[in-house]
Amino acid sequence: MRVHELSHFRANVEAIADRLATRGFAFDVEQWKVLDTERRAAVTEAEQLKAQRNAQSMEIGKLKKAGADTTAVQAEVRAMGDRITELDAKVVAVDERFRDLLTAIPNLPHESVPTGASADDNAEIKRVGTPRTFDFEPKAHWDLGVDLGILDFERAAKITGARFAVYFGQGARLERALMNFMLDVHTRDHGYTEVFPPFLVNSASLFGTGNLPKFGADLFKIENSDYWLAPTAEVPVTNLLRDETLEPEQLPIHFCSYTSCFRSEAGSHGRDVRGIIRQHQFQKVELVKFTTAETSYDEHEKLTQDAEDILERLGLPYRRMLLCTGDMGFSSAKTYDLEVWLPGQATYKEISSCSNFEAFQARRAGIRVRTGKGKSEYAHTINGSGLAVGRTWVAIVENYQQADGSVAVPAVLQPYLQAEVITKSGILR
RNA sequence: GGAGAGGUGGCCGAGUGGUUUAAGGCGCACGCUUGGAAAGCGUGUGUACUCGAAAGGGUACCGCGGGUUCGAAUCCCGCCUUCUCCGCCA
């Protein structure tokens, strides 16, 4: 039951429940205690009966070898088997309820996380760069991109549906340029190893990262299979090491990965309906680290800086927020959000989320570190966007727009785009 | 998609219904031996759950899930996966 190590959980139930309450999760300690007792009683009873059966079965073997008649004993043990079947069913049922209860428990917030109920209680850690002042009215990307002929929602709706987009010409190339730029920086300058995983993952992987069983509704599932469209590279990349025990000298492991990400956006109807801020498919460069418990918070800081470095090299104003207990994701112990300035909407918008999961995912996924002779402990996992490519595309277009409707290309992207400015494409319309 | 062969402990590898509480080897740890080491000898060597104050027990796990049986690594069924060949295909 690699969920929250049981003995530790049992010994600290009250304190854990208190901590969970800070993130708005009501954990019913009394109910848990009842279930725990019930489960242990069932397990113990079944195991005792099995021990008896094993012993008597062995006796039968010996008696048969000695040529004795075993009919009577066999009947007796057979009856015992029926009882065991019954007990096993009970154990499975109680165990399942118990597991459901445990797997639904979110991670505990780190002590440095501010207590709060919603995004309003998040703490701004820093602000970098100054939003540009325009001598004209800046447009939102959904107007600018469409006017430039590089972004098309109507044809996307025709071939697929709402919340999808098609990029043309320099728009498509900007997406590709950003992906290459981000991967190049992280692999060359930040020490990450590039990974290109499948975009489809199985249920076990989604359980490992904490998406299942609770959040299946946020995902797309392939019919007649156990395949799901990955909502983020975090899922395949973290699960690369599932059920593996790592040697301490292998750590830390730094992976970066470019993937498309797919989200059903169930329950987000009406939010960010315009433009490409919230799409069913978007591209993202993800940073994933595996570390020991000792270094995970240092590595979390560094990972966040690695993501910020992309924003800085692109000259995009941003701020770093520390999420409060009530606004964090299910699996996270501490999360920084990076928010980029979008002049078309005059707001800071999330473009990266960097979290330390401590051992939460490692417990669910069975990712261990050897600590000595036959001893091991769970690794810590950390990940963050570095960055969300689609939203970076938006930020470039909106921040670097010019009065004539063209977009200046930041210096670091010019080699990738082979252009200094994005101008109107006249291919369609 | 079709046919065939595999999947056993950290690794190699035996094992076709009952002293297998998984042989044997390698590796690893500890001890003896040694001036020190190697060799040699000896002992130990998984995970989870559970009973117990502890010492020490018990249960489950031989790819996964079912089934047969008093008893399954071993027999039966389904699935996953690896390799080889064929077909198809970027």
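Fair warning: this is a prediction, and the values are worked out from it, not measured in the lab.

Cut-off values and rules
Residue positions within a chain follow its written sequence, with the count starting from 1. By the order in which they are written, chains take letters starting at A while ligands take numbers starting at 1. A pLDDT threshold of at least 70 governs which residues receive local features in this predicted model, and a stricter bar of 80 or more applies before side-chain atom pairs are shown or counted, although totals over entire chains, interfaces and linings include all residues. Hydrogens and waters are ignored; side-chain quantities use all the structure's heavy atoms. In this text, helices come from DSSP runs of H or I with a minimum length of four residues, and strands from runs of E with a minimum of two, each type numbered from the N-terminal end. Throughout this description, buried means an accessible area under 20% of the type-specific maximum (1.4 Å probe, protein chains only), exposed means over 50%, and partly exposed covers the range between. Pairs of residues are marked as contacts when any of their non-hydrogen atoms sit within 4.5 Å. Note that accessible areas follow from Shrake-Rupley with a 1.4 Å probe, and for residues the cover is restricted to the protein chains shown. Charge counting treats Lys and Arg as positive and Asp and Glu as negative, with His and both chain ends excluded. Charge positions come from single atoms, namely NZ of Lys, CZ of Arg, CG of Asp or CD of Glu. Put simply, a nonpolar core is a bunch of buried Ala, Val, Leu, Ile, Met, Phe, Trp, Tyr and Cys residues held in one set by side-chain atoms that sit within 4.5 Å of each other. A pair of strands is treated as paired once DSSP finds two or more bridges between them. Each axis is a line fitted through C-alpha atoms, and for a helix only the stretch in contact is used; angles between axes span 0 to 180 degrees, taken between their N-to-C directions. The rule is short: rings of Phe, Tyr and Trp, with Trp giving its six-membered ring, pair when the centres are within 6.5 Å, and they are stacked under 30 degrees, edge-to-face over 60, tilted in between. Throughout this description, the term charge over a ring refers to an Arg CZ or Lys NZ atom that lies within 6 Å of the ring centre and within 35 degrees of the ring normal.

Novice: What is the right way to read the overall build of chain A from this model?
Specialist: Per the secondary structure count, chain A includes 13 helices and 17 strands. Dimensions of chain A, computed from the C-alpha atoms along their principal axes, are close to 100 × 45 × 40 Å. Each of the 429 residues in chain A was classed as buried or not, and the buried ones make up 51%. Relative to all contacts within chain A whose residues are 6 or more apart in sequence, the contacts with residues 24 or more apart total 74%. In the structure as shown, chain A presents an accessible area of about 20,100 Å², 50% of it carried by carbon and sulfur atoms. Of the charged side chains in chain A, 51 are positive and 60 negative; the average position of the first set lies 3 Å away from that of the second.

Novice: In this structure, what is going on with the nonpolar core? I would like to understand it.
Specialist: Within soluble globular proteins, side chains that are nonpolar tend to cluster in buried spots. The biggest cluster of nonpolar side chains holds 44 residues, and the ones touching the most others in it are Leu174, Leu178, Met182, Leu311, Leu314, Trp393 and Leu413. Residue contributions to this core peak at 8 residues, all from helix 7 (residues 169–188). Apart from residues no more than four positions distant in its own chain, Leu178 is found in contact with Leu314, Val389, Thr392, Trp393, Ile396 and Leu413. Counting residues in hydrophobic clusters, the runner-up holds 17 residues, among them Leu251, Ile253, Phe255 and Ile367.

Novice: I'm lost on the sheet that holds strand 1 (residues 123–128) in this one. Help?
Specialist: Adjacent strands of a sheet pair through backbone hydrogen bonds, lying either parallel or antiparallel. As summarised here, the arrangement of the 8 strands in space is 1-10-11-12-15-9-8-4, forming an open sheet in which the pairing is mixed. At either margin of the open sheet sits one strand with a lone partner, and together these are strand 1 and strand 4 (193–195). Across this sheet, the average inter-strand angle for adjacent strands is 25°, counted without regard to direction. Bridging between strand 8 (residues 253–262) and strand 9 (residues 281–291) involves 10 bridges; their strand directions are antiparallel. Each bridged residue has a counterpart across the sheet, and for Tyr258 the counterpart in strand 9 is Val285. Packed on one face of the sheet, helix 12 (residues 389–399) meets strand 8, strand 9, strand 11 (334–342), strand 12 (347–358) and strand 15 (380–388) and runs near 35° to strand 15.

Novice: I keep staring at the packing of aromatic side chains and nothing clicks. Help me out?
Specialist: Summed over the entire model, instances satisfying the criterion amount to 11 aromatic pairs. Aromatic ring contacts, followed pair by pair, group Phe9, Phe27, Trp32 and Phe98 into a single cluster. The ring of Tyr336 is capped by Arg320, whose NZ or CZ atom sits 4.5 Å from the centre of that ring. In this structure, Arg364 packs its charged tip against the face of Phe207, placed 4.2 Å from the ring centre.

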